[in-house]
Amino acid sequence: MALNVESISFAYSNKPVLKNISVKINSGSLCAILGGNGSGKTTFIKCINKLLSPQSGRILLNDNDINQLSHNEVAKLVSYVPQEHDNILPYPVIEVVVMGVSPYLSVGQIPNAEHYQFARDVLSKLNARYLETKQFNQISGGERQIALIARALVQKSPIMLLDEPSNHLDFSRKSLLMNLLRNICSQENKTIVTTTHDPNLISSVADHVIMLKDGEVFCEGFTENVLQSNNISEIYDVDIETVRDDCGRNLFFAR
Amino acid sequence: MQQSQGYMFKQHNILAIYLLLALFVLFFVSLFIGRIPISISELTSDSRVYSIIIELRLPRIISALCIGVGLAGSGAVYQALFRNPLVSPDILGVTAGCSLGAALALILGYESIFSVQLFSFVFGLASVFIALYVSKLIAPSQIVTLVLIGIIITATFNAFLLCAKYIADPYDELPAIIFWIMGGLYRIGWNEAISLAILIAIVFVGIYKARFRLNILSLGEVHAKSLGVNYTLNKIILITITSIVISLIISNCGQIGWVALVVPHLSRVLVGPDHKKMIPIAMIIGAIMMLLFDDLARSITSAELPISIFTSIIGAPIFGILLIKNRGVNW
């Protein structure tokens, strides 16, 4: 499913955060949103998910204006893996994952055996079946992230949004997570949009990069065209040194 | 893993069956407990005994069951919505509102039970609606704002209650206010029992059906909305229906502390925090506890004691034991 953002602006009580942003994200692509702290990445993601309503502009999922859709209809099209997941009660992981079926249930319905089996299958696919009976608040940050990605997959939405998913992860898990997202994008034909601070993390997996600076699109396009040291230097206000690794991939370091 | 799931499933259902059996036995035993001891053989032989059981004890026992279900269910809903284990339904000022309403009715000379209950019910609901309305004006999605406004309303209504007590006639009105606030099921007749039973049956079905949605709402607004749940609307509906129940309970029985706070905790210790399992267990335990407390209140001395004495004396230590045993693991 393609995502079309047309001239959206958003302000928190007169403080503009997003300024006239327009981007188009193709169906089945992995798009990374890059920018410094306060550049508007999380706000942008929340607008796409209808968690926030832009003061102007519109967001189209294929040709459907998100404003015309209910939260339930949006949840069938867009799943979201939020940054904050520290306050979840000690539910077993399987209970958190199976919540992904919520958009398909009416008020009085509870998940049935098929839903639970599907949630287990998704956990197995992510090599995380061992988490099933563990309490959500007693697993590591990385495992929580995997559980929430599993929940997003159970939601069966064609678009998946992730807000800085690598935040709580160690060095190796960051790279594993990005490869996992790449696989999900390719195998499930999902459109994935993820925010990140780290250009090196997405350089080999993202199809499309959007760089935000001060609430505006600084540049966007194919990864190889956008992920250049001068662009990175501009959005982070720091000198960048580029090193080419053995695979011919550019790695960026702040001087 | 499959076996473990099956085992957990069976364990939860077996517990519910045991608790229902205990409730049934207690229900039966309660019919024969009271200031006038009654044996089963007297039931058919003495028409006076029959009348005590049918006219006095049965409506009271049915009401105790309903009140237990209502308090425990409402407590579980509030704790999930506010994502705070220390929350009970009086956080938005419903108890303070009900108490003030009853005190005003007694001072203004509306001494019939119906008038006191009506004033109490209206003031209790008013406090919650003021809290919801003001929080909507300030920050609709901020649950902390709602809690803070609830604290302000509680403090204000309690101050008015103090004024009411101060100006009340110390020989007549003041004891009536204090005794009313201390709580008890002695005012309950068939009319009150039927209205409680009907309303709480409706709410029971509502809360029971919302038990999976409560899991989602307990994750907070961001998670709930992204899972397709209208957080604000669901929150307002659940707060409104539980507040109606609490207002009705307090307007009939006065303040009954601790049950709404302790029972959800106890249920979480027994079956975990998943509301699909926890809500039905909490409702059954709530019914058992209230029935037990009422039995004690009406039979431990020759004069009836206020029920809140027992809910506090027994509820507070149970809460303490749960906190020590649990060490916050289930929340």
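Before reading further, recall that the structure is shown in the block above.
Residues numbered from 1 in each chain as written. Chains lettered and ligands numbered in written order. Predicted model: local features only at pLDDT ≥ 70, side-chain atom pairs only at ≥ 80, totals over all residues. Heavy atoms only, no water.

S.K.: Help me understand the overall build of chain A in this model?
M.R.: If you tally the helices and strands in chain A, you get 9 helices and 12 strands. A principal-axis box enclosing the C-alpha atoms of chain A has dimensions of 55 × 45 × 30 Å. For chain A, buried positions account for 56% of its 255 residues. The contacts of chain A with a sequence gap of at least 6 include a subset with a gap of at least 24, amounting to 65%. The average position of the 23 basic charges and that of the 27 acidic charges among the side chains of chain A differ by 4 Å. (Helix = DSSP H or I, 4+ residues; strand = E, 2+ residues; numbered from the N terminus. Buried < 20%, exposed > 50% of the residue type's maximum accessible area, 1.4 Å probe, protein only. Contact = heavy atoms within 4.5 Å. Lys, Arg positive; Asp, Glu negative; His and termini not counted. Charge placed at Lys NZ, Arg CZ, Asp CG, Glu CD.)

S.K.: Looking at this structure, how should I read the packing of helix α5 (residues 141-154) of chain A against helix α6 (residues 171-188) of chain A?
M.R.: When two helices pack together, their arrangement is given by the angle between the helix axes and the distance between those axes. Residues and elements named next belong to chain A. The geometry of α5 relative to α6 is characterised by a closest axis approach of 12 Å and an angle of 10 degrees between their N-to-C directions. Compared by their axis directions, α5 and α6 come out roughly parallel. Only L177, L180, L181 and I184 of α6 make contact with α5, whose side of the interface consists of I146, I149 and L153. Grouping the amino acids of the contact of α5 with α6 by side-chain chemistry returns 7 nonpolar, no polar and no charged. (Axes fitted to C-alpha atoms, helices over the stretch in contact; angles between N-to-C directions. Parallel < 35°, antiparallel > 145°, perpendicular 65-115°, else oblique. Nonpolar A, V, L, I, M, F, W, Y, C, P; charged D, E, K, R; others polar.)

S.K.: Would you mind showing me how to read the side chain of E164 of chain A here?
M.R.: Residue and element names in this part refer to chain A. Secondary-structure assignment places E164 in the loop between β7 (159-162) and α6. A distance of 3.2 Å separates a polar atom in the side chain of E164 from a polar atom in the side chain of H197. Leaving out residues up to four positions away in the same chain, E164 has contacts with K41, Q83, T195, T196 and H197. (Polar contact = N/O pair within 3.5 Å; in protein donor to acceptor, adjacent residues only side chain to side chain.)

S.K.: Would you mind showing me how to read helix α9 (residues 229-236) of chain A here?
M.R.: Since one α-helical turn is 3.6 residues long, residues separated by three or four positions face the same way. Residues and elements named next belong to chain A. Within α9 the residues assigned to the buried category are N231, I232 and I235. For α9, the angular spread of buried residues about the axis comes to 95 degrees, placing them on one side. D237 occupies a position one or two residues after α9 and carries a positive phi of about 55 degrees. (Arc of directions from axis to C-beta.)

S.K.: Hey, could you run me through the pairing of strand β3 (residues 30-34) of chain A in this one?
M.R.: Two faces belong to every sheet, and in a regular strand the side chains alternate between them. Residues and elements named next belong to chain A. Judged by how many residues are buried, β3 sits mostly within the fold: 5 of 5 residues are covered. Both faces of β3 are covered, namely the face carrying L30, A32 and L34 and the face carrying C31 and I33. Pairing of β3 with strand β8 (residues 191-196), which is carried by 5 bridges, proceeds in the parallel orientation. By the bridge assignment, L34 is partnered in β8 with T196. (Pairing = 2+ DSSP bridges.)

S.K.: It is not clear to me how the nonpolar core should be interpreted in this structure. Could you clarify?
M.R.: Note that soluble globular proteins tend to have their nonpolar side chains buried in a common cluster. If you look at the biggest cluster of nonpolar residues, it comprises 154 residues, and the most contacted ones within it are L126 and I149 of chain A together with F82 of chain B. Examining the composition of this core, we find that 17 residues originate from one element, helix α3 (residues 47-81) of chain B, more than from any other. If near-sequence neighbours (up to four positions away) are discounted, I149 of chain A is found in contact with V81, L126, M160, L162, L177, L180, L181 and I184 of chain A. Counting 31 residues, the second largest nonpolar core, distinct from the first, contains L18, I48, V78 and Y80 of chain A. (Core = buried A, V, L, I, M, F, W, Y, C linked by side-chain atoms within 4.5 Å.)

S.K.: How do you make sense of unusual backbone geometry when you look at a structure like this?
M.R.: Most peptide bonds take the trans form, and the phi angle of most residues other than glycine is negative. Residue and element names in this part refer to chain A. For S13, which is not a glycine, the phi torsion comes out positive at approximately 35 degrees. Relative to the helices and strands, S13 resides in the loop between β1 (3-12) and β2 (15-25). Not every positive phi belongs to a glycine, and E164 is a case in point at roughly 45 degrees. Residue E164 is classed as buried on the basis of its relative accessible area of 7%.

S.K.: Explain the packing of aromatic side chains to me, please; I cannot follow it from the model alone.
M.R.: The description of two aromatic rings rests on the distance between their centres and on the angle between their planes. If you walk through the whole model with that rule in mind, you get 8 aromatic pairs over all chains. With a centroid separation of 4.8 Å and 80 degrees between ring planes, the pair formed by F10 of chain A and Y12 of chain A is classed as edge-to-face. Take F10 of chain A: its relative accessible area is 7%, and that puts it in the buried class. Assessed through its relative accessible area of 37%, Y12 of chain A is described here as partly exposed. Ring centres of F204 of chain B and Y208 of chain B lie 6.0 Å apart, and the angle between their planes is 10 degrees; on these two criteria the pair is classed as stacked. Remark: Y208 of chain B and F204 of chain B occur in helix α8 (residues 190-209); sequence separation between them is 4 residues, near one turn of the helix. The exposure class of F204 of chain B is partly exposed, given its relative accessible area of 35%. The structure contains a cluster of three or more aromatic residues connected by ring pairs, namely Y110, F119 and F123 of chain B. The positively charged end of K156 of chain A is found above the aromatic ring belonging to F118 of chain A, 5.0 Å away from the centroid. (Phe/Tyr/Trp six-rings, centres within 6.5 Å; stacked < 30°, edge-to-face > 60°. Lys NZ or Arg CZ within 6 Å of the ring centre and 35° of its normal.)

S.K.: Explanation requested: empty space enclosed by the protein in the structure shown.
M.R.: Leftover empty space is mapped by rolling, across the atoms, a probe with the size of a water molecule. Counted according to the given criterion, the structure contains 1 cavity of 30 Å³ or more. There is about 50 Å³ of room inside the largest cavity. What lines the largest cavity is S102, L105, S106, V107 and Q109 of chain A together with F212, R213 and I216 of chain B. Taken together, the residues that form the lining of the largest cavity break down as 4 nonpolar, 3 polar and 1 charged. (1 Å grid on protein atoms, 1.4 Å probe; cavity = no way out; pocket = protein on both sides within 12 Å on 5 of 7 lines; lining within 4 Å. Points joined across faces, edges and corners; volume = space filled by probe spheres on them.)

Such coordinate-based values are descriptive only and should not be taken to indicate function.
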